[in-house]
Amino acid sequence: MTSVPFWLALDGASTFAALNLDRDSMDAVARGRLSRLLFDAARNNAFYGRRLQDAGLEWADPILWLDPYRALAALPPVSKAELRQAGSRALSGGEVRPEWQSSASSGSTGEPFRVYYEPRAWARLKYAVKLRARRACGLGPT
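All figures in this text were calculated on a predicted structure; none of them were measured in a lab.

The rules behind these values
Each residue is numbered by its place in its chain's sequence as written, counting from 1. At least 70 in pLDDT is required for a residue's local features to be given in this predicted model, at least 80 for side-chain atom pairs to be given and counted, and no such filter applies to totals for whole chains, interfaces and linings, which use all residues. No hydrogens and no water enter the side-chain calculation; it runs on all heavy atoms of the structure. The numbering of helices and of strands both runs from the N terminus, where a helix is a DSSP run of H or I of at least 4 residues and a strand a run of E of at least 2. Multiplying 1.5 Å by the helix residue count minus one yields the expected span of that helix. Here the bend at a residue is taken as the angle between two axes, fitted respectively to the seven residues that end there and the seven that start there. We call two residues in contact when some of their heavy atoms are within 4.5 Å. Polar contact criterion, stated in full: a pair of N or O atoms within 3.5 Å, where within protein one must be able to donate a hydrogen and the other to accept it, and residues adjacent in sequence count only if both atoms are side-chain atoms. Each patch is built from salt-bridge-free residues with over 30% relative accessible area, joining like charges within 9 Å and nonpolar side chains (Val, Leu, Ile, Met, Phe, Trp, Tyr) within 5 Å. Exposure was quantified through the Shrake-Rupley algorithm and a 1.4 Å probe, taking into account, for residues, occlusion by the shown protein chains and nothing else. By convention in these notes, a salt bridge is any Lys or Arg side-chain nitrogen within 4 Å of a carboxyl oxygen on Asp or Glu. Throughout this description, buried means an accessible area under 20% of the type-specific maximum (1.4 Å probe, protein chains only), exposed means over 50%, and partly exposed covers the range between.

Novice: Provide a residue-level description of helix α7 (residues 119–136), including the pertinent values.
Specialist: An α-helical turn contains 3.6 residues, so any two residues separated by three or four positions project in the same direction. Between its first and last C-alpha atoms α7 spans 25 Å; for 18 residues at 1.5 Å apiece the expected length is 26 Å, and the two agree. The sharpest bend along α7 reaches about 35 degrees and sits at Leu125. Where the residues of α7 are buried, they touch α1 (4–17), β1 (101–104) and β2 (114–117). Two to three positions downstream of the cap, the backbone nitrogen of Arg120 sits 3.2 Å from a side-chain oxygen, assigning the N-cap of α7 to Glu118. Within two residues after α7, Gly138 carries a phi angle of roughly 85 degrees, on the positive side.

Novice: Kindly report on a nonpolar patch on the surface, identifying the contributing residues and their values.
Specialist: A cluster of nonpolar side chains, namely Leu21, Met26 and Val29, defines an oily patch on the protein surface of about 200 Å² accessible area. In this structure, Val29 sits in helix α2 (residues 23–44).

Novice: Can you explain the environment of Leu83? Please cite residues and give values.
Specialist: Within the secondary structure, Leu83 is located in helix α6 (residues 80–86). Sequence-wise, Leu83 and Leu37 are 46 residues apart; in three dimensions their C-alpha atoms are separated by 18 Å. Other than its neighbours up to four places away in sequence, Leu83 contacts Phe47, Tyr48, Val78, Ala90 and Phe113.

Novice: Could you give an account of the environment of Ala60, with specific residues and numbers?
Specialist: Considering the arrangement of structural elements, one finds Ala60 in the loop between α3 (46–54) and α4 (63–66). Expressed as a C-alpha distance, the spacing of Ala60 and Ala9, which sit 51 residues apart in the sequence, is 34 Å.

Novice: I'd like a rundown of the pattern of salt bridges, residues and numbers included.
Specialist: Summed over the entire model, instances satisfying the criterion amount to six salt bridges. With its nearest N and O atoms 2.7 Å apart, the salt bridge here joins Asp11 to Arg120. Placement of the pair is Asp11 in helix α1 and Arg120 in helix α7, with a sequence separation of 109 residues. The class of Asp11 is buried, set by a relative accessible area of 6%. Arg70 is the partner of Asp67 in a salt bridge, and the nearest nitrogen-oxygen pair spans 4.0 Å. The class for Asp67 is partly exposed, based on a relative accessible area of 26%. Among the charged side chains, a network of salt bridges with common partners joins Asp11, Arg120 and Arg124.

So this is what it looks like as structure tokens:
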């Protein structure tokens, strides 16, 4: 399994570079990421692929690349209850992988809820994005 330091070394610079992007450049990054996410979900995820199909969107639909915000807006919000019912179908590959990290809510509004992350996403969200947010607010890493 690739470690957190490896992913931070690989993704750290691009994560912090986002602080220096102008609005149009940041929008281009966001649109590209959303397009790739929707395309991958449509092709490779049973739960979200079905939701996209129910909204009239197939994996080959050009809207996923041309206007991903409109594609996302076509999807009804998903509830925690729906995700619980879907179980592993809502996960990439349809199962929890041993290398994934997870975190859980405390359940203060009902039942606790568990979220899974592949190692690269975990490293980026747990460390790089938090450090970037601190820097954007004028704070240091500690």
